[in-house]
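Results of the structural survey
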Amino acid sequence: MASLTKRPVRAVRVASLQAIVDRRDNGVIYVRSPQPLGEYPARVTDRLESWAGRAPGRIFLAERAADGKWRTVTYAEALVRARRLAQGLLDHGLSASRPLMILSGNSIEHGLLALAAMYAGIPYAPIAPAYSLAVREFTALSYVWQNFGPAMVFADEGAPFAPALKAVPQGDTEIVFQNSRPEGMHSISLEELESSEPSAVVDEANRRTGPDSIAKILYTSGSTGLPKGVITTHRMLCSNQEMLLQMMPSLGDEPMVLCDWLPWNHTFGGSHNFGIALYNGGSLYIDAGRPTPDLFGETLRNLREIAPTAYFNVPKGYEMLVAHLRTDADLRQTFFSRLNLLFFAAAGLSQHIWDALQDLAFETCGEEILVVTGLGATESAPYALSTGMEGASSGSLGLPVPGVELKLVPVEEKLEARLRGPSITHGFWRRPELTAAAFDEEGYYRLGDAIKFADPQDPLKGFVFDGRLNEDFKNSTGTWVRVGPLRMRLLAHFGSLVQDVVLAGPDRDYTTALFFPALQMCRTLCSGLSPFATAAEILARLEVRTVFQERLDSFASASTGSTTRVERAILLDTPPSIEAQEITDKGSINQKTVLRNRAALVEDLYREPIPAHVLTLTKEPR
């Protein structure tokens, strides 16, 4: 547990929270920063040109080569290659209406192609590699392909993507590969695409590109259905980076170094983090690891070599990192050596992980590290609300950043957050019906998130998350079950035992849960367990069920009523499926899809007599 004594925090330039609050008689509340948003470039690629002139030899992007050494590209080299690739894209007929799709994950070539497309005014769409590589059916990829209509598609390693490419209607779409040719189809190499010197055509295409030109289309995970393409303009990306810089001036104080795994097909990795490096002339080391048992070793390898100046991750990544920081002195020394900022998003960070990070930082360097978080969405590019110099606490969202207007609208017993400003999307690619429904009469984008003041008497203490409006449900008595807060309490209570939890109970007498257990942790609870034991065998062990039973009972005993406890639960022996759209490749769970796909198990939760695989409270609830 973190010390209650005030400890020094490493010096870093971050703004303090400020807000102007306007409360209306109809219950609507408007909140904005009193600070105006500063000027920002017309195009994302203006920053590439700027840094190529100001710091031509500075590393921009780096990734591990096959021999384990870092392969790098400087700002000057990146501009040269991006312009050559822009010429190739234009020569092959790409345009504002004939876009580029990128199927493979983060890489130097992915980044350069993205910059080339944006430089020439060609929209591009980075697609989750899992849609092609982690599924047997290609439903999501086929839908995205049909919606986006690519004139060209790039896959770094072409061969692994061949089955997916053969499953979609290629038409006249050109295929470009970097390392291995996809067999059985016509394709060209990236080297061939990059073979021509840029001409005046490239410069003219760049001049025609402006703030409202589409930079890219980001397909969301589709929490309410199939993925939808969020239109992301140059104005959105540039204004959002200026917002970040105004709130965290430290990002521009020195050449920053990032070591980051977050996928570029998501807004956190591809708009927020890639953009921070480019906007501020930083160096981005591409981490090929992931917060999974089989891939996290690569993240650790990289962090032992690359000391970040700021670190961005999702809570699961921090949970895994803390376990290794505790036992690896060399990792601790490198990681904290010049770190001045920790940032998390996408979900709440458990308090025990938060405390552990600060304890480890203090033990290593005699200072804590400022933690920053906030609230945003793909549709807001994504930075919209942020904590400040005062620091964050578990559940904090902060206040609107300069340039973003927040509108809070009463919905049932909650306040729905809506956003307006230069960083907010115009709508969804080729989905006018979704676009029309997404905005209110004043042009505010409906986030679908509920938030509330941390202290209604002191707005400067910011907001806290109050759940997703479309996840909440009423039980059979007509009482609301607030899924977001209840889920966060469950995750904190069960700690390292679970990876995630999904709540069930609409129109039922009580709330139940489907747990995705942390199998490695569950395995450690078992004595004499075969190393080849299956997930089902692990979760059936008495030691595991006893620990979960105790936690379920203690959670209920600390709850205040029927809507704040869980009365029955099932431990799932199959993880959430990317193919079935239960989870994104970033690790975000889709509650409604899990419940729909596992409807038979939900029925088991309410069956009488109680099935043997269902955990239930050992005594009557209060």
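What follows deals with the sheet that holds strand β28 (residues 568-571). Read from one edge to the other, the open sheet built from four strands follows the order β26-β27-β28-β29, with strand pairing classed as mixed. The open sheet has two edge strands with one neighbour each: β26 (498-504) and β29 (614-616). Direction aside, the axes of adjacent strands within the sheet are offset by 25° on average. Pairing of strand β27 (residues 512-517) with β28, which is carried by four bridges, proceeds in the parallel orientation. When the sheet's bridge partners are listed, leucine 514 is paired in β28 with isoleucine 570. Of the strands in this sheet, β26 and β27 are in contact with helix α16 (residues 483-494), which crosses β26 at around 145°.

This part takes up the packing of helix α12 (residues 315-327) against helix α14 (residues 351-365). Their axes nearest at 10 Å, the elements α12 and α14 cross at an angle of 40°. Between α12 and α14 lies a crossing whose hand is left-handed. In contact with Tyr318, Glu319, Val322, Leu325 and Arg326 of α12, α14 contributes Ile353, Ala356, Leu357 and Leu360. Partitioned by chemical class, the residues of the contact of α12 with α14 number seven nonpolar, no polar and two charged.

Bridge count between strand β19 (residues 396-400) and strand β23 (residues 463-468): two bridges; the pairing is antiparallel. Paired with glycine 398 across the two strands is phenylalanine 463, which belongs to β23. Strand direction decides the pairing type here: strand β22 (residues 445-453) and β23, joined by four bridges, are antiparallel. Looking at the pairing, isoleucine 451 lines up with phenylalanine 465 of β23.

Counting buried residues along β27, six of its six residues qualify, which places the element largely inside the surrounding structure. Neither face of β27 is exposed, since Thr512, Leu514 and Phe516 on one face and Ala513, Phe515 and Pro517 on the opposite face are all buried.

Taken together, the three strands give an open sheet; going across it, the order is β14-β15-β16, and neighbouring strands pair in parallel fashion. Strand pairing shows two members of the sheet lacking a second neighbour, β14 (311-313) and β16 (371-372), which therefore form its edges. In this sheet, β16 lies alongside strand β15 (residues 342-344) in parallel orientation, the contact comprising two bridges. Bridged to leucine 342 within β16 is valine 371. The sheet strands contacting α12 are β14 and β15, and the helix crosses β14 at an angle near 115°.

In this section: the packing of aromatic side chains. One pair of aromatic rings is described through two measures. These are the centre distance and the angle between the planes. Following the criterion strictly, the structure yields 20 aromatic pairs and no others. An angle of 55° between the planes, with centres 6.1 Å apart, marks the rings of tyrosine 30 and tyrosine 444 as tilted. With a gap of 414 residues between them, tyrosine 30 in strand β2 (residues 29-32) and tyrosine 444 in the loop between α15 (432-438) and β22 connect regions that are remote in the sequence. Comparing tyrosine 30 with tyrosine 444 shows no difference in burial state: the two are buried.

Okay, helix α9 (residues 234-247) next. With 14 residues, α9 should reach 20 Å at 1.5 Å per residue; the first-to-last C-alpha distance of 20 Å fits that figure. Most of α9 is tucked away, with twelve of its 14 residues classed as buried. Every buried residue belonging to α9 is among His234, Met236, Leu237, Cys238, Ser239, Asn240, Gln241, Glu242, Met243, Leu244, Leu245 and Met247, and all of these are buried. Those residues of α9 that are buried are in contact with α3 (108-119), β10 (214-219), β11 (229-233), α10 (267-279) and β18 (383-386).

Conventions adopted
Residues numbered from 1 in each chain as written. Predicted model: local features only at pLDDT ≥ 70, side-chain atom pairs only at ≥ 80, totals over all residues. Heavy atoms only, no water. Pairing = 2+ DSSP bridges. Helix = DSSP H or I, 4+ residues; strand = E, 2+ residues; numbered from the N terminus. Axes fitted to C-alpha atoms, helices over the stretch in contact; angles between N-to-C directions. Contact = heavy atoms within 4.5 Å. Left-handed = near helix turned anticlockwise from the far one by under 90°. Nonpolar A, V, L, I, M, F, W, Y, C, P; charged D, E, K, R; others polar. Buried < 20%, exposed > 50% of the residue type's maximum accessible area, 1.4 Å probe, protein only. Phe/Tyr/Trp six-rings, centres within 6.5 Å; stacked < 30°, edge-to-face > 60°. Expected span 1.5 Å × (residues − 1).

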